[in-house]
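Architecture and fold: a report
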Amino acid sequence: MNRLNPSRFSRLIALLATVPAIASAHPGHDGGHDLTWDFSGGFSHPIGGLDHVLAMVAVGLWAAQLGGRARWLVPATFVALLAVGAALGLQGLAPAGVEPMIAASLLVLGLMVVIAQRLPLAAGLGLTALFGAFHGFAHGAEIPASSGGVSYGLGFIAATVLLHGAGLALGLLSARQSTWFTRIAGTGVAVCGAALLLR
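**Section: helix 5 (residues 70-90)**
When the terminal C-alpha atoms of helix 5 are compared, their 29 Å separation across 21 residues agrees well with the 30 Å that a helix rising 1.5 Å per residue should span. Counting buried positions over the 21 residues of helix 5 gives 17, a clear majority of the element. Of the residues one or two after helix 5, Gly92 is the one with positive phi, at around 75 degrees.

Now the structure itself:
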């Protein structure tokens, strides 16, 4: 069975290190702020939204199913575009239809997990990038004006990485035992996405 190479994790961390430069596009932030409080607020933001939690765990589950390089490239792509989308959302540049796209991400990612769809890597990364950007738009637009942009952004990125990791771990564990858990989880994510779209 393929295992994640530790050097690939170090590359992901290096990628995340570029986030402060992106987040600092928001002028006037982080000066005189309680950075720990801002980080905590950012960390709790995706965890406090069921739609974000489900999508991010689903990304990890799907990455586990895809295997190989996709195990780290799919989550890393989501995180990278999340950061870019957040920087744009912070500047008020989020496109229309963010919430429906987030709901669509649940439906599509859930279905991908249910049917264990193995797209070509480029197509899988493109789909992941699209959904990551829209989740980022939502995060960036909702950063409180009183919070430090950099530390808040690092907080929700850290939470995203952990949620991806949880989904990846669950997916790998399920693959060793039985695929039923992954498929049930994917069904739940897809149903939630459909419900949000029909709301």
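**Here we look at the packing of aromatic side chains**
As enumerated under the stated definition, the model contains four aromatic pairs in all. For the pair Phe39 and Phe43, a centre-to-centre distance of 6.3 Å together with 25 degrees between the ring planes defines the contact as stacked. Separated by four residues within a single helix, Phe39 and Phe43 lie in helix 3 (residues 35-47), roughly one turn from each other. Seen in terms of ring centroids, Tyr152 and Phe156 are 6.2 Å apart; in terms of plane orientation they differ by 75 degrees. Their pairing is edge-to-face. Of this pair, Tyr152 and Phe156 are both found in helix 8 (residues 149-177), four residues apart, which corresponds to roughly one turn of the helix. For Phe156, a relative accessible area of 1% gives the class buried.

**Re the side chain of Gln65**
With respect to the secondary-structure elements, Gln65 resides in helix 4 (residues 50-66). Not counting residues within four places of it along the chain, the set of residues in contact with Gln65 comprises Met112, Val113, Ala116, Arg118 and Thr182.

**Points about unusual backbone geometry**
Phi is positive for Ala116, which is not a glycine, with a value near 50 degrees. By the secondary structure assignment, Ala116 is in the loop between helix 6 (98-114) and helix 7 (121-141).

**Description of the packing of helix 8 against helix 9 (residues 180-198)**
For any two helices packed against each other, one specifies the crossing angle of their axes together with the interaxial distance. Running from amino to carboxyl end, helix 8 crosses helix 9 at an angle of 135 degrees, the nearest separation of the two axes being 7 Å. When the axes of helix 8 and helix 9 are compared, the pair comes out oblique. Seen from helix 8, the contacting residues are Leu170, Gly171 and Ser174; seen from helix 9, they are Trp180, Phe181 and Thr182. Tallied by class, the residues present in the contact of helix 8 with helix 9 amount to three nonpolar, three polar and no charged.

**Let's talk about the nonpolar core**
Nonpolar side chains in soluble globular proteins generally cluster together in the buried interior. Counting residues in hydrophobic clusters, the biggest one holds 37 residues, and the most contacted among them are Trp62, Val74, Phe78, Leu82, Leu109, Phe156 and Ile157. Where this core is concerned, the elements lending two or more residues are helix 4, helix 5, helix 6, helix 7 and helix 8. Ranked by residues supplied to this core, first place goes to helix 4 with 12 residues. Discounting chain neighbours no more than four positions away, the residues touching Phe78 are Met56, Val59, Thr128, Phe131, Gly132, His135, Thr160 and His164. In this structure, Ile102, Ala133, Phe134 and Ala138 belong to the second largest nonpolar core, which totals six residues.

**A short note on the environment of Ala104**
When you line up the elements, Ala104 lands in helix 6. Setting aside anything within four residues of it in sequence, one finds Ala104 in contact with Phe131 and Leu197.

**Describing the packing of helix 4 against helix 8**
Where helix 4 meets helix 8, the closest approach of the two axes is 7 Å, and the angle between their N-to-C directions is 45 degrees. Taken together, the axes of helix 4 and helix 8 are oblique relative to one another. As helix 4 packs across helix 8, the resulting crossing turns out to be right-handed. Contact residues: helix 4 offers Val53, Met56, Val57, Val59, Gly60, Leu61, Ala63 and Ala64, while helix 8 offers Thr160, Leu163, His164, Gly167, Leu168, Leu170, Gly171 and Leu172. Its residues assigned to classes, the contact of helix 4 with helix 8 comprises 11 nonpolar, five polar and no charged.

**Describing the environment of Ala103**
Within the fold, Ala103 resides in helix 6. Residue classification places Ala103 among the buried residues on the basis of a relative accessible area of 3%. Not counting residues up to four positions away in its chain, the partners in contact with Ala103 are Gly193, Leu196 and Leu197.

**Comments concerning helix 7**
Along its 21 residues, helix 7 runs 30 Å from first to last C-alpha, staying within 8% of the 30 Å computed at 1.5 Å per residue. The buried fraction of helix 7 amounts to 15 of the 21 residues, a majority that puts the element mostly inside the structure.

How each quantity is defined
Residues numbered from 1 in each chain as written. Predicted model: local features only at pLDDT ≥ 70, side-chain atom pairs only at ≥ 80, totals over all residues. Heavy atoms only, no water. Helix = DSSP H or I, 4+ residues; strand = E, 2+ residues; numbered from the N terminus. Expected span 1.5 Å × (residues − 1). Buried < 20%, exposed > 50% of the residue type's maximum accessible area, 1.4 Å probe, protein only. Phe/Tyr/Trp six-rings, centres within 6.5 Å; stacked < 30°, edge-to-face > 60°. Contact = heavy atoms within 4.5 Å. Axes fitted to C-alpha atoms, helices over the stretch in contact; angles between N-to-C directions. Parallel < 35°, antiparallel > 145°, perpendicular 65-115°, else oblique. Nonpolar A, V, L, I, M, F, W, Y, C, P; charged D, E, K, R; others polar. Core = buried A, V, L, I, M, F, W, Y, C linked by side-chain atoms within 4.5 Å. Left-handed = near helix turned anticlockwise from the far one by under 90°.

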